[in-house]
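Residues per chain are reported as follows:
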Amino acid sequence: MGLFNRALGIDLGTVNTLVSAGGNIVVNEPSVVAIERSTGQVLAVGAAAAAMLGRAPADIDVIRPLRAGVVADYGWTAKLLSHFIQQAVGRHRLFKPRVVIGVAYQATSVERRAITEAVLAAGAREVYLVEEPVAAAIGAGLTIHDSVGGMVVDIGGGTTGVAVLALGGIITGRSIPVGGIAMDEAILDYCRRECRLIVGERTAEEIKMNLGWALCPGGPAQAEGNAREGGRAPEGQPDELVQRVSGRDLLTGLPKAVELSRTQVARALAPVVAQIVQAVQAVLETTPAEVAADLAHTGICLTGGGSMLGNLPAALQASVGLECRLAADPLTCVVRGTSQILQEIRASRSLTVLNSVQRAS
Ligand SMILES: Nc1ncnc2c1ncn2[C@@H]1O[C@H](COP(=O)(O)OP(=O)(O)OP(=O)(O)O)[C@@H](O)[C@H]1O
Ligand SMILES: [Mg+2]
């Protein structure tokens, strides 16, 4: 890294942490830490720690230090950040970088302080906070400095941030503690309730990625009707893809496998999808009329890993009546946004244009 590039953009997510330096993504790992309980030592961070999820020996705790997008455990968050910042600055270990980091929309002052302190403790010199939907919008290529409004829905692992933006800031928005993890839990609950099968978190996530589907309004009944008639699924309805799922029998405790269909998974996910749709509708209801008129043309941009759920853009579009499109590379929008903000700060045009970036230290 050159002398002038020693600045980092960070997306500290509930599920994944990404770091960019000099315009490149240099860290992209799960936000997971493995700790030896008896000594309190960090054994592994990131992908190596995530590999232990659900299969760690009794003396090892595998934890996600963030919950619903905010710091749940300050000490472990600082350790996680310190590890990734060291990884990003490499041989320039003594150098203290300037950092732009995303915070959840409407994060409280206590939550902002916790993130700032963790970044400083991890070795940063200067910290700027940006609300994640703003970073996501910039990373997705929305022209948020315009007076014309745009809308972004960032569906992460622990949160969904919905924001209407114009003139570099958020006009109205909302953040709900619902995202990819809630989808996994919905699948887990469905397997237990309907199939008497206990599956692990990782299995549930895998099912979501392979079979996951967001139903359009009025979906389940129609979809089941189609399946019964043996017809091909019409556009926007789930096909009858099935997957064999292994776990433990709820009653006997013995290993067991069942077949799950895409329609079943879609039904399991429907309540979570409905919460996301309601959050978007609620924000649209509070959007000023002039801006709402803009959105009829600009539509909604979807970012975050959760937005890659099968059929989600189409289901949201059918529910709210605005064009919904998936951003290019939805998982990296926030970090790419922080990286662009760094460039603006360096060009020092920034802080007047970006009223949504706050210097925190
Ligand atoms: N193809 C896919 N289909 C459905 N979900 C997916 C897919 N790929 C990734 N995900 C989900 O995306 C989530 C992670 O997304 P992301 O990295 O944007 O979250 P995060 O930024 O860590 O969380 P947050 O923003 O809530 O703090 C996980 O729950 C993961 O299961
Ligand atoms: Mg995120």
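Look above for the structure.
The rules behind the values
- Residues numbered from 1 in each chain as written.
- Chains lettered and ligands numbered in written order.
- Predicted model: local features only at pLDDT ≥ 70, side-chain atom pairs only at ≥ 80, totals over all residues.
- Heavy atoms only, no water.
- Salt bridge = Lys/Arg side-chain N within 4 Å of Asp/Glu carboxyl O.
- Helix = DSSP H or I, 4+ residues; strand = E, 2+ residues; numbered from the N terminus.
- Pairing = 2+ DSSP bridges.
- Axes fitted to C-alpha atoms, helices over the stretch in contact; angles between N-to-C directions.
- Near = heavy atom within 4 Å.
- Polar contact = N/O pair within 3.5 Å; in protein donor to acceptor, adjacent residues only side chain to side chain.
- Areas by Shrake-Rupley, 256 points an atom, 1.4 Å probe, with all protein chains shown as cover.
- 1 Å grid on protein atoms, 1.4 Å probe; cavity = no way out; pocket = protein on both sides within 12 Å on 5 of 7 lines; lining within 4 Å.
- Sits in = over half its atoms within 2 Å of the grid points.
- Domains from an automatic or database assignment.
- Parallel < 35°, antiparallel > 145°, perpendicular 65-115°, else oblique.
- Left-handed = near helix turned anticlockwise from the far one by under 90°.
- Contact = heavy atoms within 4.5 Å.
- Nonpolar A, V, L, I, M, F, W, Y, C, P; charged D, E, K, R; others polar.

**Re the pattern of salt bridges**
Reasoning step 1: Summed over all chains, the structure comprises nine salt bridges.
Reasoning step 2: Here Arg112 ties to Glu131 by a salt bridge, and the two come within 3.0 Å at their closest N and O atoms. Remark: Glu131 occurs in strand β10 (residues 126-131) and Arg112 occurs in helix α3 (residues 109-121); sequence separation between them is 19 residues.
Reasoning step 3: In this structure, Asp184 engages Lys208 in a salt bridge whose closest nitrogen and oxygen atoms are separated by 2.9 Å.

**Description of the sheet that holds strand β11 (residues 150-155)**
Reasoning step 1: Reading across from one edge, β13-β12-β11-β17-β18 is the order of the five strands in this open sheet, with mixed pairing throughout. If you trace the sheet from one side to the other, it starts and ends with β13 (169-176) and β18 (324-326), each paired once. In this sheet, adjacent strand axes meet at a mean angle of 20° when their direction is disregarded.
Reasoning step 2: Inspection of the sheet shows β11 paired to strand β12 (residues 160-166) by six bridges, in the antiparallel sense. Of the residues in β12, the one forming a bridge with Val153 is Val162.

**Let's talk about the site of ligand 1**
Reasoning step 1: Around ligand 1 lies a shell of 20 residues, among which Thr14, Val15, Thr159, Glu205 and Lys208 are the nearest.
Reasoning step 2: For ligand 1, an oxygen atom lies 2.7 Å from a polar atom in the backbone of Val15.
Reasoning step 3: Asn16 is positioned with one of its side-chain polar atoms (N or O) 2.8 Å from an oxygen atom of ligand 1.
Reasoning step 4: About the coverage of ligand 1: the protein hides 92% of its 660 Å² of free accessible area.
Reasoning step 5: Judged by its atoms lying within 2 Å of the grid points, ligand 1 is housed in the largest pocket.
Reasoning step 6: Those elements that place two or more of their residues in the shell around ligand 1 are α5 (180-195) and α6 (201-211).
Reasoning step 7: Taken together, domain 1 (3-140 + 332-359) and domain 2 (142-326) each give at least three residues to the shell around ligand 1, which thus spans both.

**Side note on the packing of helix α8 (residues 262-285) against helix α10 (residues 312-320)**
Reasoning step 1: Relative orientation of the contacting elements α8 and α10 amounts to 45°, with a least axis distance of 10 Å. In terms of axis orientation, α8 runs oblique to α10. In this structure, the crossing between α8 and α10 has a hand that is right-handed. On the side of α8, the interface is formed by Val273, Val277, Val280, Gln281 and Leu284, while α10 contributes Leu312, Leu316, Ser319 and Val320.
Reasoning step 2: For the contact of α8 with α10, the per-class residue count stands at seven nonpolar, two polar and no charged.

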